[in-house]
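# Summary of the model geometry
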Amino acid sequence: MTGAAPSGIEGARLRRVPLIADTWPITIGDLVELAAGQVAEPTDRLETLYARRYDQLIVRARAVAGFGAGLLTALLVAVIVPAADDLIDLLLVIPALIVSALVVGVGVLLHVAAARVQREYIVAHAILGDLLAIGPLPRGSASP
């Protein structure tokens, strides 16, 4: 490989583009870059980024919680309505209950994470509003 600067897609991956890709978590430096950048509507961009993250978490939370609830329902139906002479062994029921409860618990934790994203958005929006109220910021002021 030569010492030349990368071009095309490879070069785009190496450059830091503030708040266009899913950079997570959003830092104060990212907000300063967004306020200092030549972005038409920085608050809309911030809202889009947080909305996308929230939607991803909610979809995952609902999918995992639904899967766990489906497991639990299937298990309860199998226990309550046993086949003619088949009895479900208690040693199989207890681990299945634990696994389904854990899966539902993961779904609940993902819902909590989504609620946290909403709180972070409120704080980030307030900080961005304060930065925009300050006035024009020097470009690249948030560089490490």
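Here's a quick rundown of the structure. Here the structure is a predicted model, which is why all the values come from computation and not from measurement.

Reading the values: the criteria
Residues numbered from 1 in each chain as written. Predicted model: local features only at pLDDT ≥ 70, side-chain atom pairs only at ≥ 80, totals over all residues. Heavy atoms only, no water. Buried < 20%, exposed > 50% of the residue type's maximum accessible area, 1.4 Å probe, protein only. Helix = DSSP H or I, 4+ residues; strand = E, 2+ residues; numbered from the N terminus. Salt bridge = Lys/Arg side-chain N within 4 Å of Asp/Glu carboxyl O. Patch = residues over 30% accessible without salt bridge, like charges linked within 9 Å, V, L, I, M, F, W, Y side chains within 5 Å. Areas by Shrake-Rupley, 256 points an atom, 1.4 Å probe, with all protein chains shown as cover. Phe/Tyr/Trp six-rings, centres within 6.5 Å; stacked < 30°, edge-to-face > 60°.

Most of helix H2 (residues 28-36) sits out of view: seven of its nine residues are buried. For H2, the complete set of buried residues consists of Asp 30, Leu 31, Val 32, Glu 33, Leu 34, Ala 35 and Ala 36.

One pass over the full model with this rule turns up one salt bridge. Between Arg 116 and Glu 120 there is a salt bridge, with its nearest N and O atoms 3.3 Å apart. Taken together, the residues span about one helical turn, with Arg 116 and Glu 120 both in helix H4 (residues 90-134) at a distance of four residues.

Turning to a nonpolar patch on the surface, a few remarks are in order. Residues Leu 72, Leu 76, Val 77, Val 79, Ile 80, Val 81 and Leu 97 make up a contiguous nonpolar surface patch of roughly 590 Å² in combined accessible area. Ranked by residues supplied to the nonpolar patch, first place goes to helix H3 (residues 42-80) with five residues. Its place among the elements puts Val 81 in the loop between H3 and H4. Look at Val 81 and you get exposed, because its relative accessible area is 60%.

Let us now look at the environment of Ala 101. Following the sequence through the fold, Ala 101 ends up in helix H4. Relative accessible area serves as the criterion here: at 46%, Ala 101 is assigned to the partly exposed category. Spatially, the C-alpha atoms of Ala 101 and Ala 65 are 9.4 Å apart, while their sequence positions differ by 36 residues.

The next thing to look at is the packing of aromatic side chains. Applying the stated criterion to the full structure yields one aromatic pair. Geometrically, the ring pair formed by Tyr 50 and Tyr 121 is tilted, given 5.5 Å between the ring centres and 55° between the ring planes. With Tyr 50 in helix H3 and Tyr 121 in helix H4, this pair connects stretches of sequence that are 71 residues apart.

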